[in-house]
Amino acid sequence: MKQTAKARFAIKSWDEKPYSEGQDLPKLTRASVTKAYTGDIAAEGQVEYLMMYRSDGSATFLGLERVVGELGGRPGSFVLQRIGVFEGGQATESYSVIPGSATGALRSLAGEGRSAVGHGMEHPFTLDYELA
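Residues numbered from 1 in each chain as written. Predicted model: local features only at pLDDT ≥ 70, side-chain atom pairs only at ≥ 80, totals over all residues. Heavy atoms only, no water.

The next subject is the sheet that holds strand S8 (residues 122-130). Pairing in this closed barrel of eight strands is antiparallel, and the strands run S1-S2-S3-S4-S5-S6-S7-S8 around the ring. Strand after strand, the sheet turns through a mean of 25° between neighbouring axes, direction not considered. Across 13 bridges, strand S4 (residues 59-71) lies against strand S5 (residues 74-87) in antiparallel orientation. Its bridge partner being in S5, Leu 71 is matched across the sheet by Arg 74. (Pairing = 2+ DSSP bridges. Helix = DSSP H or I, 4+ residues; strand = E, 2+ residues; numbered from the N terminus. Axes fitted to C-alpha atoms, helices over the stretch in contact; angles between N-to-C directions.)

A few words on the environment of Arg 8. Along the chain, Arg 8 turns up in strand S1 (residues 3-20). It is 8.2 Å that separates the C-alpha atoms of Arg 8 and Thr 126, two residues lying 118 residues apart in sequence. Only 2.7 Å separates the side chain of Arg 8 from the side chain of Glu 122, close enough to count as a polar contact. (Polar contact = N/O pair within 3.5 Å; in protein donor to acceptor, adjacent residues only side chain to side chain.)

To continue, consider the pattern of salt bridges. Scanning all chains against the criterion turns up seven salt bridges. Between Glu 122 and Arg 8 there is a salt bridge, and its shortest N-O distance comes to 2.7 Å. With a gap of 114 residues between them, Glu 122 in strand S8 and Arg 8 in strand S1 connect regions that are remote in the sequence. Accessibility expressed as a relative area gives 43% for Glu 122, which makes it partly exposed. Residue class for Arg 8 comes out partly exposed when judged on its relative accessible area of 34%. Measuring nitrogen to oxygen at the nearest pair gives 2.7 Å for the salt bridge that ties Lys 12 to Glu 44. Of this pair, Lys 12 sits in strand S1 while Glu 44 sits in strand S3 (residues 41-53); the two residues are 32 residues apart in sequence, bridging distant segments of the chain. (Salt bridge = Lys/Arg side-chain N within 4 Å of Asp/Glu carboxyl O. Buried < 20%, exposed > 50% of the residue type's maximum accessible area, 1.4 Å probe, protein only.)

Our focus in this paragraph is the packing of aromatic side chains. For the structure shown, the criterion picks out six aromatic pairs. A ring pair is formed by Phe 9 and Tyr 37, whose centres lie 5.7 Å apart and whose planes are at 50°; its orientation type is tilted. On the criterion of sequence distance, the pair formed by Phe 9 in strand S1 and Tyr 37 in strand S2 (residues 27-39) is long-range, its members being 28 residues apart. When sorted by exposure, Phe 9 lands in the same class as Tyr 37, which is buried. When the ring of Phe 9 is compared with that of Phe 125, the centres are 6.4 Å apart and the planes differ by 80°; the resulting orientation is edge-to-face. Of the two residues, Phe 9 sits in strand S1 while Phe 125 sits in strand S8, which places them 116 residues apart along the sequence. With respect to class, Phe 9 is no different from Phe 125; both count as buried. Taken together, the aromatic side chains of Phe 9, Tyr 37, Tyr 95 and Phe 125 make up a single cluster linked through ring pairs. A cation sits over an aromatic face here: Lys 27 above Tyr 53, 5.4 Å from the ring centre. Taking the ring centre of Tyr 95 as reference, the NZ or CZ of Arg 82 above it sits at 5.0 Å. (Phe/Tyr/Trp six-rings, centres within 6.5 Å; stacked < 30°, edge-to-face > 60°. Lys NZ or Arg CZ within 6 Å of the ring centre and 35° of its normal.)

Listed below in structure tokens is the structure:
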């Protein structure tokens, strides 16, 4: 049976550094980010983003995030695959639980979601999920 977890996450740290850039080339960066989740997900997330910035400031990004804590009161961890774009001050992304990545009481977790967030330090997060 599908369930929906509603949570919020706050950015605890964001460390972004370019790893490839040059004249007339899109800038490539890597960001190590720590998040704190509250709500139906009480956890900490560690994500590594790879980003490509265009000359207009927009970007495309992808990331892998390990979330460790509780989902609906069940302890464990899982890894999210994140894919998105940043345009006009807003990041739009889709994310899904990578099959076989969940541990503990979340071992059979499958789920996905989409979000659109602006600048700021705290954001809404929704995960539609199933546990066998």
